[in-house]
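Chain residues, written in single-letter form:
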Amino acid sequence: MKLGVCYYPEHWPEEQWAEDAARMVETGLIWVRIGEFAWSRLEPEEGDFRWEWLDRAVKVLGEAGLQVVMGTPTATPPRWVCEKHPGLFALDKHGHVRGFGSRRHYCFSHDGYRGEAVRIARLMGERYGRNSHVQAWQIDNEYGCHDTIYSYSDAAAVAFRQWLEARYGSIEALNDAWGNVFWSMEYRHFGEVFLPNLTVTEPNPSHVLDFKRFSSDQVARLNRAQVLALRPLTDAPLIHNYMGRIVEFDHFAVGADLDIASWDSYPMGFLEDRSDQPEEVKRRFARSGDPDFQAFHHDLYRAVGKGRWWVMEQQPGPVNWAPHNPDPAPGMARLWAWEAFAHGAEAVCYFRWRQAPFAQEQMHAGLLRPDSVAAPALGEAAQVASELPGVEVETGTAPVGLVFDYESAWAWAAQPQGAEFDYFRLVFDFYRGLRRLGLSVDIVPRDCADLSPWKMVVVPGLMHWGDLGVDAYEGVLVAGPRSGSKTADFQMPVPLPPGLPGVAATVARVESLRADSPVPLEDGGAFRFWREVLEGEALEAAEDGVPARIGTARRQYLGGWPDDEAMMRILREAAEEAGLETLDLPEGLRVRDAGKWRFAINYADRSWKLGKHIPGAPSGRIGAHDVSWWLR
Amino acid sequence: MKLGVCYYPEHWPEEQWAEDAARMVETGLIWVRIGEFAWSRLEPEEGDFRWEWLDRAVKVLGEAGLQVVMGTPTATPPRWVCEKHPGLFALDKHGHVRGFGSRRHYCFSHDGYRGEAVRIARLMGERYGRNSHVQAWQIDNEYGCHDTIYSYSDAAAVAFRQWLEARYGSIEALNDAWGNVFWSMEYRHFGEVFLPNLTVTEPNPSHVLDFKRFSSDQVARLNRAQVLALRPLTDAPLIHNYMGRIVEFDHFAVGADLDIASWDSYPMGFLEDRSDQPEEVKRRFARSGDPDFQAFHHDLYRAVGKGRWWVMEQQPGPVNWAPHNPDPAPGMARLWAWEAFAHGAEAVCYFRWRQAPFAQEQMHAGLLRPDSVAAPALGEAAQVASELPGVEVETGTAPVGLVFDYESAWAWAAQPQGAEFDYFRLVFDFYRGLRRLGLSVDIVPRDCADLSPWKMVVVPGLMHWGDLGVDAYEGVLVAGPRSGSKTADFQMPVPLPPGLPGVAATVARVESLRADSPVPLEDGGAFRFWREVLEGEALEAAEDGVPARIGTARRQYLGGWPDDEAMMRILREAAEEAGLETLDLPEGLRVRDAGKWRFAINYADRSWKLGKHIPGAPSGRIGAHDVSWWLR
Amino acid sequence: MKLGVCYYPEHWPEEQWAEDAARMVETGLIWVRIGEFAWSRLEPEEGDFRWEWLDRAVKVLGEAGLQVVMGTPTATPPRWVCEKHPGLFALDKHGHVRGFGSRRHYCFSHDGYRGEAVRIARLMGERYGRNSHVQAWQIDNEYGCHDTIYSYSDAAAVAFRQWLEARYGSIEALNDAWGNVFWSMEYRHFGEVFLPNLTVTEPNPSHVLDFKRFSSDQVARLNRAQVLALRPLTDAPLIHNYMGRIVEFDHFAVGADLDIASWDSYPMGFLEDRSDQPEEVKRRFARSGDPDFQAFHHDLYRAVGKGRWWVMEQQPGPVNWAPHNPDPAPGMARLWAWEAFAHGAEAVCYFRWRQAPFAQEQMHAGLLRPDSVAAPALGEAAQVASELPGVEVETGTAPVGLVFDYESAWAWAAQPQGAEFDYFRLVFDFYRGLRRLGLSVDIVPRDCADLSPWKMVVVPGLMHWGDLGVDAYEGVLVAGPRSGSKTADFQMPVPLPPGLPGVAATVARVESLRADSPVPLEDGGAFRFWREVLEGEALEAAEDGVPARIGTARRQYLGGWPDDEAMMRILREAAEEAGLETLDLPEGLRVRDAGKWRFAINYADRSWKLGKHIPGAPSGRIGAHDVSWWLR
Ligand SMILES: [Zn+2]
Ligand SMILES: [Zn+2]
Ligand SMILES: [Zn+2]
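Residues numbered from 1 in each chain as written. Chains lettered and ligands numbered in written order. Predicted model: local features only at pLDDT ≥ 70, side-chain atom pairs only at ≥ 80, totals over all residues. Heavy atoms only, no water.

In this assembly, 54 residues from chain B lie in contact with 49 residues from chain A. At the boundary of chain B and chain A, one finds 8 salt bridges. The salt bridge partner of B:Glu45 is A:Arg188, with a shortest N-O separation of 2.7 Å. Viewed at the interface, chain A and chain B are joined by 28 residue pairs in polar contact (both at pLDDT 80 or more). Those elements that provide at least two residues to the side of chain B that touches chain A are helix H2 (39-42), helix H4 (79-84), strand S5 (97-98) and helix H11 (279-284) of chain B. In terms of residue class, the side of chain B that touches chain A is built from 20 nonpolar, 16 polar and 18 charged. (Contact = heavy atoms within 4.5 Å. Salt bridge = Lys/Arg side-chain N within 4 Å of Asp/Glu carboxyl O. Polar contact = N/O pair within 3.5 Å; in protein donor to acceptor, adjacent residues only side chain to side chain. Helix = DSSP H or I, 4+ residues; strand = E, 2+ residues; numbered from the N terminus. Nonpolar A, V, L, I, M, F, W, Y, C, P; charged D, E, K, R; others polar.)

Structure, rendered in structure tokens:
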């Protein structure tokens with residue numbers, strides 16, 4: 001458990017480096033990430049290398065006692081790379097070039113660019129792979145940020161056809177899998193397949209899903225190419241820093257080639273710009289962030305990293321990119337770090353050391369102000385550093401497993417069927433429900449064959465069962481809605497869904513509901529947005545008599561999207577069935593169990609009497625925006 | 001009065017056809033529509049024809065006792081047609097290609113594509129035109145669906161110039177008609193005229209109106225080309241299936257070449273995705289549809305079909321394409337069919353027989369589920385089939401005529417003058433008012449010279465008087481707002497509007513009103529969205545003293561858009577003047593008189609005591625979502 | 001102080017001109033503006049001139065006693081100019097051509113078009129420059145209307161690179177100024193710089209700001225080219241007519257080359273389509289316009305015109321281009337003219353003489369209806385004409401100076417940091433506050449070195465201090481928020497802002513606030529949208545203890561955007577400190593002092609007892625939509 005910081009030596013006079021390094025060490029920081037956007041300074045013209053300044057920066061930082069995370073600079077190819085490869089830009093869905101002048105201006109399918117990326121990664125590996133100060137590598141930066149996974153370029157079209165040919169073998173197989181007989185969409189050969197943009201009305205969802213699978217594979221391919229270049233050159237772990245709520249590529253697939261997963265955690269920006277919470281909740285947590293959003297991603301990246309994960313960038317103060325960018329409440333820079341450690345993070349790096357007074361992020365806070373005066377987060381970081389030695393977190397297995405599957409996100413984006421249907425939102429609603437019950441959660445990928453480690457497994461909206469070990473699972477299982485509702489080719493299975501072994505349910509048809517028209521349930525709460533007309537013996541019915549849940553207390557299929565009340569009720573009942581104790585946490589107070597420790601984390605701007613809400617907690621109150629931990 | 005269904009034999013194993021056919025017959029279905037999207041199976045490569053499967057399908061269905069509606073597959077040109085004619089795609093208003101991958105991917109102005117469409121239609125006519133099982137033809141499918149009437153392609157630009165030259169003869173005449181002296185927009189020759197997209201600010205509305213007229217003519221031209229190909233080859237009636245609230249082309253002009261009009265009726269999808277009703281009404285009728293929307297279209301297509309009309313596609317359950325897609329209330333699949341018959345439909349065909357488990361419409365319900373189990377609508381269809389023999393509907397002439405004019409829709413789209421001004425909405429508001437009074441309505445086209453069949457004629461928003469027989473009309477006439485406010489060239493007439501013979505009114509100027517700022521009327525209710533500053537002797541004034549209505553009780557010009565209260569009051573007064581009895585129907589309950597029968601149709605989810613609301617009705621109640629009929 | 005009207009002789013039969021002219025004179029109009037859109041009639045083919053009709057029009061109008069404003073027709077190049085210069089069209093930010101068919105269809109950077117514009121201007125100058133009837137010139141029309149300042153054409157890209165090279169000299173200097181080391185955005189030479197559109201995420205704000213500066217310079221350049229052509233040919237004053245709330249180019253820079261500034265005042269259209277006021281205010285003033293919007297622009301253009309300014313187009317009745325276009329309340333056509341005169345206008349010209357029955361503006365009212373009957377505004381104009389002789393306005397210097405700076409508008413558009421942050425809105429909020437206190441205001445440009453004429457100076461949101469004479473200023477100064485927060489290169493200054501001499505404040509960081517989350521101030525009211533975390537000794541603090549204002553009563557920096565209550569309180573306190581008397585005007589009632597006269601202007605639709613609200617006013621009431629003036 002270490003703290004760190006992101007640093008850009010190329011932004012500052014060399015004279016300042018040593019002083020900066022000393023101050024980092026003094027603060028208690030151990031990791032320092034550098035290099036990620038520095039290509040134009042490392043190779044200002046093709047083949048004209050300027051390694052010396054970076055050599056010196058590594059030396060200064062390392063000799064001050066810091067460990068370096070070296071970033072490959074491939075998220076920002078310099079101007080000359082773009083001139084050399086004029087086709088490297090992605091095209092948006094309208095066919096407009098997404099050009100030079102900011103970042104992430106490349107198409108993942110462009111072979112020429114992949115060559116350049118591998119070349120610069122290899123050269124960096126050769127130079128720094130055995131440097132004792134360089135203890136970790138970051139490959140590229142924030143895949144998918146700014147909606148950059150999907151490109152409609154010629155390079156993408158060519159690569160997509162190859163990908164399809166590899167997948168289907170024959171065009172007849174593709175026509176069959178997609179059901180192209182519908183609307184005379186049949187192809188005669190792979191060369192006739194275009195990308196699924198610019199169609200008159202919606203394209204075939206199977207076409208869309210395959211394009212999304214392909215696009216995800218292209219990310220993994222480019223990442224893997226850099227991994228293969230670096231592996232022989234270094235023993236340090238390879239990492240990528242993912243972004244919040246980016247579901248356009250499969251993080252598990254990318255993560256499979258890496259050693260550590262990390263993510264960039266901007267709790268307040270994310271609440272403002274990518275949350276489904278009502279405005280009132282956004283208002284209430286505007287200075288702290290959503291109480292569950294960070295935890296969800298911590299658990300997700302612990303899974304993606306096969307247990308090893310970091311926060312590579314941690315918000316330290318106001319950012320510049322959300323619709324509104326207020327100041328975090330005092331204490332949050334400490335709370336966020338501690339929450340990450342409570343979920344098992346090996347490291348938390350604040351972004352960034354000193355606020356840059358120029359360019360796009362000049363209004364993005366750092367640990368220091370542009371005038372090098374300490375910003376509020378510096379002291380909070382130092383406090384965390386001083387507290388860390390007392391705690392050693394071993395996460396172990398959580399009582400509850402929650403399946404999160406990128407392919408399902410693509411499937412329901414291709415076919416929402418109702419305006420509000422969003423896979424992340426659905427899974428996150430279940431996650432929030434579990435958290436409000438005080439339960440700790442592991443995220444489980446869709447190909448997890450052995451679910452036995454968890455006392456309870458929750459599977460909302462899983463497109464198809466695939467390799468998930470539901471058959472053999474003997475714990476408490478809550479599945480649905482929409483789970484098992486498609487074949488791998490994105491067709492409806494016959495016999496009809498859900499096809500969940502041991503549950504005699506049939507989804508006769510589905511309804512997407514207006515937000516003002518939930519369907520009340522017999523035992524309280526309601527289904528909102530989505531409900532299925534189930535056939536089978538009802539464990540619980542809706543007020544209109546249609547079965548809402550089918551199966552048993554230990555193994556049930558849920559035919560709708562529960563609102564908050566129904567969610568809490570159903571999950572509590574399942575948890576009790578699984579022998580788990582549940583709490584009833586007030587808004588903003590959360591609990592995380594990790595090994596021998598229990599953490600309480602308070603996102604609310606009021607204090608709580610701990611023991612009242614969490615039996616067994618130490619006496620006394622937890623303050624607003626405070627964190628507390630004790631041996632359980 | 002017959003029921004039918006839409007079927008896609010190419011979607012199912014041939015072994016299943018006979019069983020499907022038998023089950024259709026057993027249900028009481030008589031018509032079966034096939035072929036409409038099957039081009040890639042009929043001609044997978046140019047000139048490589050595979051008629052045999054369709055021959056067998058027609059045989060199996062026909063010999064089971066069904067009558068076939070054969071569709072020409074021209075709404076979905078297969079991939080090879082698009083490769084042969086790379087210019088056949090439409091361009092959107094930004095200049096983006098609207099390409100292959102869904103349907104309706106052609107520009108109506110492309111000569112090469114028209115050739116292909118005529119060729120395949122002729123070949124189908126040659127093969128099936130005299131087949132005794134093929135008793136009707138459908139040409140293409142849903143012209144205008146997915147906003148496909150307007151294309152900004154090169155083919156369209158070339159054709160538009162020819163169209164203009166034919167209309168105006170000389171460029172001077174065009175410059176004059178459009179008033180191109182304004183803003184130096186004058187052309188020197190027809191080759192200089194471009195399509196009215198991509199202009200810096202709004203283009204000349206006369207330019208826009210002519211482009212809309214041209215675009216409508218192109219639809220009629222392509223339809224007529226297929227008609228001309230088929231006519232010599234078959235005696236069966238030719239039909240097109242229109243869509244709800246599509247006003248971008250003149251259905252009367254297309255209908256003039258056909259024998260029967262039909263439309264595709266999706267009451268719930270339409271309420272969700274193309275209704276002006278407030279959200280509260282959408283919520284209330286989410287499972288039944290707008291109580292007047294279907295009736296309006298039934299009356300419209302009875303006019304377009306010169307008395308002969310069908311519902312070619314009838315929603316049977318949840319669809320896949322609206323923002324929300326709930327289940328219809330029990331009974332609605334029956335109610336909708338009966339309502340169509342009450343308005344004079346010859347046939348109602350459910351869409352579709354079996355839900356397809358693949359491609360774009362895999363979530364669109366059919367009469368059967370994908371696993372061939374009966375969906376709820378199958379039983380309701382069977383009930384309708386069993387009830388039909390007891391009723392014979394002859395529509396006759398309704399007491400009220402309501403003028404509906406596509407050109408006026410284009411005019412006010414080109415020049416709304418107020419954000420809420422929409423021609424369909426305006427006319428439909430009048431229609432709803434008449435319906436709530438219990439009045440049956442005929443839709444009247446703008447060129448109807450003899451209005452004497454109707455006791456009362458209502459003319460809202462008619463751009464110019466043209467050939468409409470208002471001069472000689474002696475019944476009760478309610479005209480306006482905006483009626484007669486333009487010349488045929490889309491200029492303001494001098495003397496000023498309305499220019500209605502027998503009514504000494506002048507529209508001094510007009511006001512478009514904020515939705516929160518209606519203008520109250522002296523006798524109750526208000527004008528909303530639109531009001532005219534009239535000069536003349538007031539039949540009624542607004543509260544601010546400006547005349548609101550001018551003329552007499554039998555012949556009046558209305559200078560505004562009445563809200564619900566004013567609408568009911570004014571129409572009731574006029575109906576009484578015309579000697580018509582009026583009702584005061586509660587929400588969701590409607591009446592339709594057809595020949596000797598009176599039908600009551602209840603869209604509400606509650607029952608009503610019939611006699612209380614409809615004097616002369618049989619005693620007892622009408623249930624929720626029920627229909628009732630008696631001899632009047 | 002004269003009235004006038006806009007007239008298009010080319011729209012009407014020549015026989016009508018003399019009668020129109022006589023009627024104008026009879027109404028009391030003196031100025032008549034002609035020619036501005038007539039290029040296609042003056043030169044229908046290249047080099048084929050038809051001056052004769054315009055000669056005759058000038059003669060008829062002039063001999064009737066009118067003074068002509070001659071407009072150069074360069075806002076509407078005719079079709080042949082566009083064919084000769086196919087690259088003259090602007091491109092929008094997506095790269096779509098903005099083509100022929102309306103107006104303003106040219107890119108300011110196109111050299112060929114500049115040549116054409118200069119040529120036609122010179123030819124008109126040669127023909128009419130010494131014509132005794134032509135007493136003023138208007139160059140082009142409404143620069144920037146329809147978002148036409150920014151073009152992403154090739155011509156613009158080429159010109160931008162030249163502009164950058166001239167500004168920076170070396171590419172290293174540009175890379176430095178923009179901070180292009182960030183995200184590897186460094187350029188090797190000027191040819192690599194593209195326009196800041198089509199980037200993946202936001203471009204560098206320094207890049208954006210320079211593009212905005214460049215685009216503004218291109219407007220000034222084209223305007224100046226026409227000025228240089230006309231100067232030798234005429235002694236009449238040269239004018240441009242600006243539009244309301246257009247901030248995309250520097251009006252002071254354009255105005256520097258001209259003799260008189262003018263603007264086109266459409267109070268009701270502007271309230272509907274470009275106001276930040278809540279809907280309720282829009283509703284209340286829908287028939288009169290925002291009570292401060294016109295006054296602000298009057299004061300602005302008095303500054304732009306160095307004291308000489310006109311209203312070139314005055315709304316006379318309903319217009320055609322806002323979302324809603326109601327009728328002005330009776331009296332407004334008089335009130336608006338009088339308000340302009342009260343602010344020092346030399347002339348007010350109504351737009352237009354007679355409503356044109358054709359083309360885009362056929363629903364735009366004139367003083368006459370299309371049938372030549374007087375519209376209501378004609379009588380009101382005549383009334384103004386009859387009242388004018390009794391009043392002579394000399395504006396003098398107002399007690400308060402308010403700095404308005406176009407560059408700051410561009411800066412905060414490039415980097416709003418909060419969704420609601422808009423520079424015009426911020427400055428206008430201060431202006432409204434001053435007006436509600438009864439204070440008359442002068443707009444002050446950013447390069448005003450001597451602020452001593454004003455007793456009080458207000459400087460909200462000034463990007464950098466530049467040449468503004470704040471150091472030496474001894475009056476009462478209220479500066480901020482955001483003032484001085486950038487260097488000229490759009491970097492953050494170190495030491496941190498505001499850098500206001502004499503005020504020991506530091507902006508440690510800033511917060512952009514949700515609209516639902518204002519920060520309450522100790523002494524009443526709140527900051528909304530924006531607040532800064534100030535360091536220094538608080539003159540007033542927020543309720544959370546953070547300093548809200550720093551400095552002294554005579555010289556203070558304000559760290560936030562005051563809401564109405566705080567604004568009135570803070571400005572009143574400052575005004576009292578400056579020895580100014582303040583009022584507390586009710587909604588819609590405003591005061592303007594000009595030389596010896598005090599004017600009261602009532603935008604409300606109710607009357608007020610004057611003396612109750614304005615001490616020293618004559619006894620009696622001011623009616624709804626009335627204006628009143630007296631010697632003070
Ligand atoms: Zn585009
Ligand atoms: Zn980042
Ligand atoms: Zn259809």
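Right, let's get into the coordination of the zinc ion (ligand 3). All names here are of chain B. Ligation of the zinc ion (ligand 3) by protein atoms is provided by Glu 142 (OE), Glu 313 (OE) and Glu 313 (OE), these donors lying 2.4 to 2.6 Å from the ion. With Glu 142 in the loop between strand S6 (134-138) and helix H6 (154-168) and Glu 313 in strand S9 (residues 309-314), the pair connects residues that are 171 residues apart, well separated along the chain. Exposure class is identical for Glu 142 and Glu 313. Each is buried. (Donors = N, O, S within 2.8 Å, 3.2 Å for Na, K, Ca; no water. Buried < 20%, exposed > 50% of the residue type's maximum accessible area, 1.4 Å probe, protein only.)

What follows is about the relation of the copies chain B and chain A. One chain copy maps onto the other through a rotation about an axis and a shift parallel to that axis. For these two chains of identical sequence, chain B goes onto chain A by a turn of 120° and a shift of 0.0 Å along the axis, with RMSD 0.0 Å. Considering both components of the superposition, the chain copies are consistent with a three-fold axis. The fraction of interface residues of chain B whose copies in chain A are also interface residues is only 2%, indicating that the copies meet through different surfaces. (Least-squares fit on C-alpha atoms with pLDDT ≥ 70 in both.)

Our next topic: the packing of aromatic side chains. Counted according to the given criterion, the structure contains 153 aromatic pairs over all chains. With a centroid separation of 6.3 Å and 90° between ring planes, the pair formed by A:Phe404 and A:Phe424 is classed as edge-to-face. Of this pair, A:Phe404 sits in the loop between strand S11 (400-403) and helix H15 (406-414) while A:Phe424 sits in helix H16 (residues 423-436); the two residues are 20 residues apart in sequence, bridging distant segments of the chain. Arranged with centres 5.7 Å apart and planes meeting at 80°, the rings of C:Tyr266 and C:Trp321 form a pair that is edge-to-face. Here C:Tyr266 is found in the loop between strand S8 (260-265) and helix H10 (267-273), whereas its partner C:Trp321 is found in the loop between strand S9 (309-314) and helix H13 (332-342), with 55 residues between them in sequence. On the basis of relative accessibility, which here comes to 3%, the residue C:Tyr266 falls in the buried class. Judged by its relative accessible area of 29%, C:Trp321 falls in the partly exposed class. The ring of A:Phe194 has A:Arg161 lying over it, and the distance from NZ or CZ to the ring centre is 5.1 Å. Across the ring face of A:Trp412, the terminal group of A:Arg482 is positioned such that the distance to the ring centre comes to 3.8 Å. (Phe/Tyr/Trp six-rings, centres within 6.5 Å; stacked < 30°, edge-to-face > 60°. Lys NZ or Arg CZ within 6 Å of the ring centre and 35° of its normal.)

A word on the interface of chain A and chain C. Contact with chain A, which involves 54 residues of that partner, is made by 49 residues of chain C. Both faces considered, chain A and chain C share a buried interface measuring about 4,500 Å² in area, 53% of it formed by carbon and sulfur atoms. At the surface where chain A touches chain C, the tally comes to 8 salt bridges. The salt bridge partner of A:Glu272 is C:Arg514, with a shortest N-O separation of 2.6 Å. Our count for the contact surface shared by chain A and chain C stands at 28 residue pairs in polar contact (both at pLDDT 80 or more). (Buried area = accessible area lost by both parts, 1.4 Å probe.)

This paragraph deals with the side chain of C:Gln556. Residues and elements named next belong to chain C. For Gln 556, the location among the structural elements is in strand S20 (residues 555-558). Its relative accessible area of 1% is what places Gln 556 among the buried residues. Here Gln 556 is in contact with Leu 477, Val 478, Ala 479, Leu 500, Leu 539, Arg 549, Ile 550, Gly 551 and Ile 570, once residues within four sequence places are set aside.

That is the geometry; function is a separate question.
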